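This is what each chain is made of:
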Amino acid sequence: MYVSVATEPGGSAPNEDWVGGTPSLALVLDGLSTAGLDTGCRHGVPWYVAQLGGHLVAALAATDRPLADGLAEALEGVARLHPECDLKNPGTPSATVAILRELPGYFDHLVLADSPIVLEGTGGVTVLTDLRVDDVRQDLRAETEQFQTGTPEHRASVARLVAAQRKIRNTPEGYWVAAAAPEAASHALTGTVAAADVRSAAVMSDGVSRLVTEYRMASWEALLDQLRGNGPAALIRTVREVEATDPHGQRWPRYKAGDDAAVAFCSFA
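Residues numbered from 1 in each chain as written. Predicted model: local features only at pLDDT ≥ 70, side-chain atom pairs only at ≥ 80, totals over all residues. Heavy atoms only, no water.

S.K.: Help me out: how do you make sense of the sheet that holds strand E3 (residues 25–31) in this one?
M.R.: In a beta sheet, neighbouring strands are held together by backbone hydrogen bonds and run either parallel or antiparallel to one another. Read from one edge of the open sheet, five strands run E2-E3-E4-E5-E8, paired in antiparallel fashion. Of all the strands in the sheet, the pair left with one neighbour each is strand E2 (17–22) and strand E8 (189–194). Sheet twist, expressed as the average angle between the axes of neighbouring strands with direction ignored, equals 10 degrees. Taken together, the seven bridges between E3 and strand E4 (residues 95–103) define a ladder with antiparallel strand orientation. Residue pairing for E4: Asp-30 is matched across the bridge by Thr-96. Here helix H1 (residues 45–59) sits on the sheet in contact with E2, E3 and E4, set at roughly 160 degrees to E3. Of the strands in this sheet, E4 and strand E5 (106–112) touch helix H2 (residues 67–81), which is tilted by about 45 degrees from E5. (Pairing = 2+ DSSP bridges. Helix = DSSP H or I, 4+ residues; strand = E, 2+ residues; numbered from the N terminus. Axes fitted to C-alpha atoms, helices over the stretch in contact; angles between N-to-C directions. Contact = heavy atoms within 4.5 Å.)

S.K.: Could you clarify how one ought to interpret unusual backbone geometry in this entry?
M.R.: Trans is the common state for peptide bonds, and a negative phi is the common state for residues other than glycine. Phi at Ala-113 takes a positive value of approximately 80 degrees, unusual for a residue other than glycine. Considering the arrangement of structural elements, one finds Ala-113 in the loop between E5 and strand E6 (117–121). In the Ramachandran plot, Asn-170 falls in the positive-phi region, its phi being about 55 degrees despite a non-glycine side chain. By the element assignment, Asn-170 lies in the loop between helix H4 (152–168) and E8.

S.K.: It is not clear to me how the packing of aromatic side chains should be interpreted in this structure. Could you clarify?
M.R.: The description of an aromatic ring pair rests on the distance of the ring centres and on the angle between the ring planes. Applying the stated criterion across every chain yields a total of two aromatic pairs. Measuring from ring centre to ring centre gives 4.8 Å for Tyr-215 and Trp-252, while their planes differ by 40 degrees; the resulting arrangement is tilted. Linking Tyr-215 in the loop between helix H5 (206–213) and helix H6 (220–230) with Trp-252 in the loop between helix H7 (232–244) and strand E10 (261–267), this pair joins segments that are 37 residues apart in sequence. With respect to class, Tyr-215 is no different from Trp-252; both count as buried. (Phe/Tyr/Trp six-rings, centres within 6.5 Å; stacked < 30°, edge-to-face > 60°. Buried < 20%, exposed > 50% of the residue type's maximum accessible area, 1.4 Å probe, protein only.)

S.K.: What's the story with the nonpolar core in this structure? I'm lost.
M.R.: Generally speaking, nonpolar side chains in soluble globular proteins are found buried as a group. Judged by nonpolar contacts, the single largest core of 27 residues is most densely connected at Leu-52, Leu-56, Val-97, Ile-99, Leu-110 and Leu-112. Of all the secondary-structure elements, those providing two or more residues to this core are E3, H1, H2, E4 and E5. Ranked by residues supplied to this core, first place goes to H2 with seven residues. Contacts of Val-97, omitting those with residues within four sequence positions, involve Val-28, Leu-29, Leu-56, Leu-71, Leu-110, Val-111, Leu-112 and Ala-178. Core analysis: the second largest hydrophobic core is formed by 20 residues, Val-208, Val-212, Trp-220 and Ile-236 among them. (Core = buried A, V, L, I, M, F, W, Y, C linked by side-chain atoms within 4.5 Å.)

S.K.: Is there a simple way to think about the side chain of Glu-16 in this case?
M.R.: Secondary-structure assignment places Glu-16 in the loop between strand E1 (2–8) and E2. Buried within the structure, Glu-16 lacks any salt-bridge partner; Lys-256 is the closest side chain of opposite charge, at an N-O distance of 4.4 Å. Ignoring sequence-local partners within four residues, the contact set of Glu-16 consists of Leu-29, Asp-30, Gly-31, Leu-32, Ser-33, Val-45, Pro-46, Val-49, Lys-256 and Asp-260. (Lys, Arg positive; Asp, Glu negative; His and termini not counted. Salt bridge = Lys/Arg side-chain N within 4 Å of Asp/Glu carboxyl O.)

S.K.: How do you make sense of the sheet that holds strand E7 (residues 124–128) when you look at a structure like this?
M.R.: Strand order in the open sheet formed by five strands is E1-E10-E9-E6-E7, with antiparallel pairing between adjacent strands. On the outer flanks of this sheet lie E1 and E7, each paired with one strand and no other. Along the sheet, successive strands turn relative to each other by an average axial angle of 15 degrees, direction set aside. Along the sheet, H7 makes contact with E1 and E10, crossing E1 at roughly 35 degrees.

S.K.: Explain the environment of Gln-146 here, please?
M.R.: Tracing the backbone shows Gln-146 in the loop between helix H3 (138–144) and H4. Sequence separation between Gln-146 and Thr-126 is 20 residues; the distance between their C-alpha atoms is 32 Å.

S.K.: Looking at this structure, I do not really get H7. What am I missing?
M.R.: Residues three or four positions apart in an α-helix share a direction because the helix packs 3.6 residues into each turn. For H7, which comprises 13 residues, the first-to-last C-alpha distance of 19 Å matches the rise-based estimate of 18 Å (1.5 Å per residue) to within 8%. All buried positions along H7 are accounted for by Pro-232, Ala-234, Leu-235, Ile-236, Val-239, Arg-240, Val-242 and Glu-243. On its buried face, H7 sits against E1, H5, H6 and E10. (Expected span 1.5 Å × (residues − 1).)

S.K.: Help me out: how do you make sense of H5 in this one?
M.R.: Here H5 lies mainly inside the structure; seven of its eight residues are buried. Each element contacted by the buried residues of H5 is listed here: E3, strand E9 (200–204), H6, H7 and E10.

S.K.: What's the story with the pairing of E4 in this structure? I'm lost.
M.R.: Strand residues, when the strand is regular, have side chains that alternate between the two faces of the sheet. The element E4 is extensively covered by neighbouring structure, given that eight of its nine residues are classed as buried. Where E4 and E5 come together, seven bridges link them in antiparallel fashion. Bridge assignment links Glu-102 to a residue of E5, and that residue is Phe-107. As consecutive antiparallel partners, E4 and E5 are separated by two residues, and within that stretch Gly-105 has a phi angle of approximately 90 degrees, a positive value.

Following this line, the structure appears as structure tokens:
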């Protein structure tokens, strides 16, 4: 498996996405926005995703280990790095997780929250994602979409939404992400697909996938074609060009004018 990667912050703030690849592994983490609220942690989201990414690569070096078990081990390992922080704070640094691994004759995959894996096969495109977060506080989502991106009203509305999400994050009543507790790994969506059925694959944060899902400026097939022809960095540039046509989020309401973006493209020839 050949893996090419790219990531870029959405603005002047540090990048909260992380992407990694090995000859058998592609991983993307998308750190959750804190919206300026307290996290109980002095390290921050960029530190968290970098540590979790490294721990995941190490935990999954043993190819016979289930992906969810490797994620649980990585979550425990990162938690041990900062016991002085309040890891029970509902806003403790957290992230989505998307992993694709090549094994003899098949691929296994894991998604936790809304960073998708897109598989291109003989029968078309399959999108693997976990959209449970979309069912959370839809009333506050609608409120946020009323305001222009970047205005004080918009920032206050996003903070209210994040505060509400935190109350049910990593609970049976809400949705699951990678944070401090290894239990979240058992709630990831996992599966396998025969290697013969996969022509190419992409693992990405929603800062990239929104080109298809939110902006509707490309199909999944066109996105994969661009990755194949021009590579991940060029795809992120395309996302930025589209966002620049709507800087205030009037055509496409969103939390930020430009979100952090990360993508790993996997090819097999």
